[in-house]
Amino acid sequence: MSTSRDDFGIAIRSALLQRGAKQKFSLFVLILVSIFIFALDNANLKPINFLRSLINDGIYRISAISSSPIKFSGATKDFFVKQVFVYKENERLKFELDQLKKNNLNSLYLKTENDTLQNVLKLKKDSPYTLVNAKVILDKGSPYLNSVIINKGSNSGIKLGMPVLNQGFLAGRIVEVNFTSSRILLLNDLNSRIPVVVSPNGFQAILSGVGKKEPTLQYLPENFELSDKENLIFTSGKDGVLFPGIAVGQVVVGENEVSAKLFSDPDQIFFVSVALDQAKDEVAR
Amino acid sequence: MAVIFRNFKENILRLGPLILLVYICISEVHTQFYYWEIFSFNLQFIIIYYWILRDPSILGYGFIFLCGLFNDVILSLPLATSAMSYLFVSLVAAYVRNATVRSSLFTDWFTFVVAILIGNFIYFFLINNFSDANIKYDGIFYNSLFTFILYPAFWGLFELYKKLIFVRANA
């Protein structure tokens with residue numbers, strides 16, 4: 001019994017301390033260094049956060065560059081797939097072109113009418129938010145965090161918690177800010193909780209990510225009923241961080257839960273806009 | 001000149017596993033491959049465990065530590081979480097190497113369970129206690145299961161690669 005315990009002790013001590021011919025550090029030393037770095041990172045000290053920001057920026061850039069061959073191969077594959085289906089696509093496009101030509105006359109009339117009405121109302125076509133446009137540079141899946149990294153950071157005025165829009169719809173919020181890069185926590189992430197309001201009935205709820213494509217609506221009132229009209233979800237702004245009234249998605253009623261079909265597809269985010277501020281102009285809002 | 005070129009080729013071959021590990025940690029390659037909702041596996045664990053067990057001269061502990069740090073930055077985990085997890089997987093591999101006289105696929109495969117359990121326990125412990133992130137337990141379970149199931153396939157591939165290095169070195 002004691003011999004086997006001795007054997008275990010010798011083997012584990014040897015594994016921890018032995019460096020061998022090619023190993024420059026022993027496992028024991030590296031584990032100690034890891035614990036030290038982990039403690040420093042958790043201490044949340046200003047100089048450490050500053051250093052981590054610098055490291056993050058550097059590694060994100062290197063990562064974006066090293067990922068470019070994968071992106072290129074993906075684009076090449078798409079190109080060849082498109083070439084294979086070009087004949088079918090041509091037929092479909094011809095048909096669509098005919099349809100569009102027919103619709104065009106109708107659209108022209110509607111556009112003219114719309115322009116006239118807007119002029120009458122003096123409606124400004126500006127976005128209701130002060131936006132910073134950014135490109136997604138890194139999108140790496142993880143079992144712990146469903147997030148993407150963009151190429152704008154605190155140097156563009158981005159701060160923690162700011163809402164991120166994709167084609168005008170809420171895509172997520174900022175959870176990490178570096179000097180030239182930021183991380184967006186997507187709405188379908190397990191850690192995402194957004195206070196929302198369901199229109200037109202005005203029910204309040206929390207949109208919670210569950211790790212799947214469609215987040216769920218939690219804490220709906222017991223008397224919750226769907227309206228006959230479109231049941232749209234908007235941010236309520238109750239947390240005091242996100243601006244109210246940003247379109248999020250549409251209510252989908254499942255067997256056991258009420259979920260949301262997001263307007264901004266989490267798998268199709270390439271360019272985003274970070275809402276820095278709400279416009280002061282009341283008309284624009 | 002021919003000797004230099006031959007040495008260069010040999011060195012590149014020997015660096016192959018390290019290059020692969022660094023690349024999957026730092027690039028956008030989805031190392032936690034997510035397909036069909038549940039299918040995913042941890043390629044880093046497989047690479048580290050195999051090479052530390054079978055040929056530790058190929059993969060240095062220092063590089064494994066650095067790869068862990070890169071991975072933490074990319075995945076926004078507390079710094080050194082992955083590094084510690086990878087180092088403990090290395091520790092299990094180094095222990096098995098010291099404790100066994102003659103290893104085979106089956107001994108490697110079944111001791112790999114211990115490495116996966118310890119590696120994931122380190123993740124759980126550090127993230128649960130020192131981070132606000134929620135963990136998707138079923139996702140981690142499937143990830144561990146498929147990592148275990150796929151180990152023999154990668155074992156075969158890496159054995160071939162090891163033979164290639166050996167043949168080149170002795171040619």
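**Notes on the overall build of chain A**
Secondary structure assignment for chain A yields 4 helices and 12 strands. Per-residue burial for chain A yields a buried fraction of 28% across its 285 residues. Excluding contacts between residues fewer than 6 apart, the proportion of contacts in chain A whose partners are at least 24 apart in sequence is 55%.

**Here's the deal with the overall build of chain B**
Within chain B one finds 6 helices and 0 strands. The order of helices and strands in chain B, counted from the N terminus, is α-α-α-α-α-α. Relative to the 2.2 N^0.38 estimate, which gives 16 Å for 171 residues, the radius of gyration of chain B is 17 Å and therefore close to what a compact globule would have. Once the C-alpha set of chain B is aligned to its principal axes, its extents read approximately 55 × 35 × 30 Å. With 171 residues in all, chain B has 40% of them scored as buried. Sequence-distant contacts, at least 24 apart, represent 67% of the contacts inside chain B between residues at least 6 apart.

**Comments concerning the pairing of strand β3 (residues 163-166) of chain A**
All names here are of chain A. Burial along β3 is two-sided: the face carrying P163 and L165 and the face carrying V164 and N166 are both buried. Where β3 meets strand β4 (residues 169-177), 4 bridges bridge the pair, whose relative direction is antiparallel. Residue pairing across strands places P163 opposite R173, the latter belonging to β4. Remark: 2 residues form the turn of the hairpin made by β3 and β4, two consecutive strands paired antiparallel; Q167 in that turn has positive phi of roughly 55°.

**With respect to the environment of A:V132**
Residues and elements named next belong to chain A. For V132, the location among the structural elements is in strand β1 (residues 129-138). Residue classification places V132 among the partly exposed positions, given that 19 C-beta atoms sit within 10 Å. Linking V132 and I158, residues 26 residues apart in sequence, is a C-alpha distance of 8.2 Å. The contact partners of V132, leaving out residues within four places of it in the chain, are K152, S156, G157, I158, S273, V274 and L276.

**Examining the packing of helix α4 (residues 81-99) of chain B against helix α5 (residues 105-130) of chain B**
Residues and elements named next belong to chain B. Following both chains from N to C, one finds α4 and α5 inclined at 155°, their axes separated by 9 Å at the closest point. Between α4 and α5, the crossing angle belongs to the class labelled roughly antiparallel. Between α4 and α5 lies a crossing of right-handed hand. The segment α4 lies against α5, with T81, M84, S85, F88, V89, V92, A93 and V96 engaging T111, V114, A115, I118, G119, I122, Y123, L126 and I127. Of the residues assigned to the contact of α4 with α5, the class counts are 13 nonpolar, 4 polar and no charged.

**A short note on the domain arrangement of chain A**
Note on interface size: it is often stated as the accessible area lost on association of the parts. By the assigned domains, chain A splits into domain 1 (2-42), domain 2 (85-121) and domain 3 (193-263). Each of domain 1 of chain A and domain 3 of chain A has a C-alpha centre, and the two are 50 Å apart.

**Thoughts on the interface of chain B and chain A**
Between chain B and chain A, the contact holds 42 residues from the first and 42 residues from the second. Looking at the side of chain B that touches chain A, the elements that each hand over two or more residues are α1 (2-26), α3 (61-75), α4, α5 and α6 (137-170) of chain B. Grouping the constituent residues of the side of chain B that touches chain A by class yields 27 nonpolar, 13 polar and 2 charged.

**Some thoughts on the pairing of strand β11 (residues 258-262) of chain A**
Residues in a regular strand project their side chains so that they alternate between the two faces of the sheet. Residue and element names in this part refer to chain A. In this sheet, β11 lies alongside strand β10 (residues 247-253) in antiparallel orientation, the contact comprising 5 bridges. Directly across from V253, in β11, lies its bridge partner V258. The hairpin formed by β10 and β11 contains 4 residues between the paired strands.

**Digging into the environment of A:P163**
Residues and elements named next belong to chain A. Relative to the helices and strands, P163 resides in strand β3. What makes P163 buried here is the crowd of 22 C-beta atoms within 10 Å. When the C-alpha positions of P163 and V274 are compared, they lie 6.1 Å apart, and in sequence the two are 111 residues distant.

**Regarding the nonpolar core**
A:I184, A:L207, B:I48, B:Y49, B:L87, B:V89 and B:A93 are the most contacted members of the largest nonpolar core, which totals 89 residues. Both domain 1 (2-42) and domain 3 (193-263) of chain A contribute no fewer than three residues apiece to this core. Residue contacts for B:Y49: discarding those within four places in its chain leaves B:V89, B:A93, B:F112 and B:A115.

**Brief notes about unusual backbone geometry**
Non-glycine residue A:Q167 carries a positive phi angle of around 55°. Judged by C-beta crowding, with 13 C-beta atoms within 10 Å, A:Q167 ranks as partly exposed.

The rules behind the values
For every chain, the first residue of the written sequence is number 1, and numbering continues from 1 along that sequence. Lettering of chains starts at A and numbering of ligands starts at 1, both following the order in which they are written. In keeping with the predicted nature of the model, local features appear solely for residues at pLDDT of at least 70, side-chain atom pairs appear and are counted solely at 80 or more, and the whole-chain, interface and lining totals rest on all residues. In this text, helices come from DSSP runs of H or I with a minimum length of four residues, and strands from runs of E with a minimum of two, each type numbered from the N-terminal end. Counting other C-beta atoms within 10 Å of a residue's C-beta gives its exposure: the residue is buried at 20 or more, exposed at 12 or fewer, and partly exposed in between, where C-beta atoms are placed from the backbone. What counts as a contact is two residues whose backbone-derived C-beta atoms lie within 7 Å of each other. Note on method: radius of gyration uses C-alpha positions; expected globular size equals 2.2 Å times residues raised to 0.38. Each pair of strands is called paired provided DSSP finds at least two bridges between the two strands. All axes are obtained by fitting lines to C-alpha atoms, using only the stretch in contact for helices, and the reported angles, taken between N-to-C directions, cover 0 to 180 degrees. By the definition adopted for this analysis, an angle is roughly parallel if under 35 degrees, roughly antiparallel if over 145, roughly perpendicular if from 65 to 115, and oblique otherwise. By convention, the crossing between two helices is left-handed when the near helix turns anticlockwise from the far helix through less than a right angle, and right-handed when the turn is clockwise. Any residue outside Ala, Val, Leu, Ile, Met, Phe, Trp, Tyr, Cys, Pro, Asp, Glu, Lys and Arg is labelled polar, Gly included; the first ten of those are nonpolar and the last four are charged. Marked domain ranges trace back to an automatic or database domain assignment. As used throughout, a nonpolar core is a set of buried Ala, Val, Leu, Ile, Met, Phe, Trp, Tyr and Cys residues joined through C-beta atoms within 7 Å of each other.

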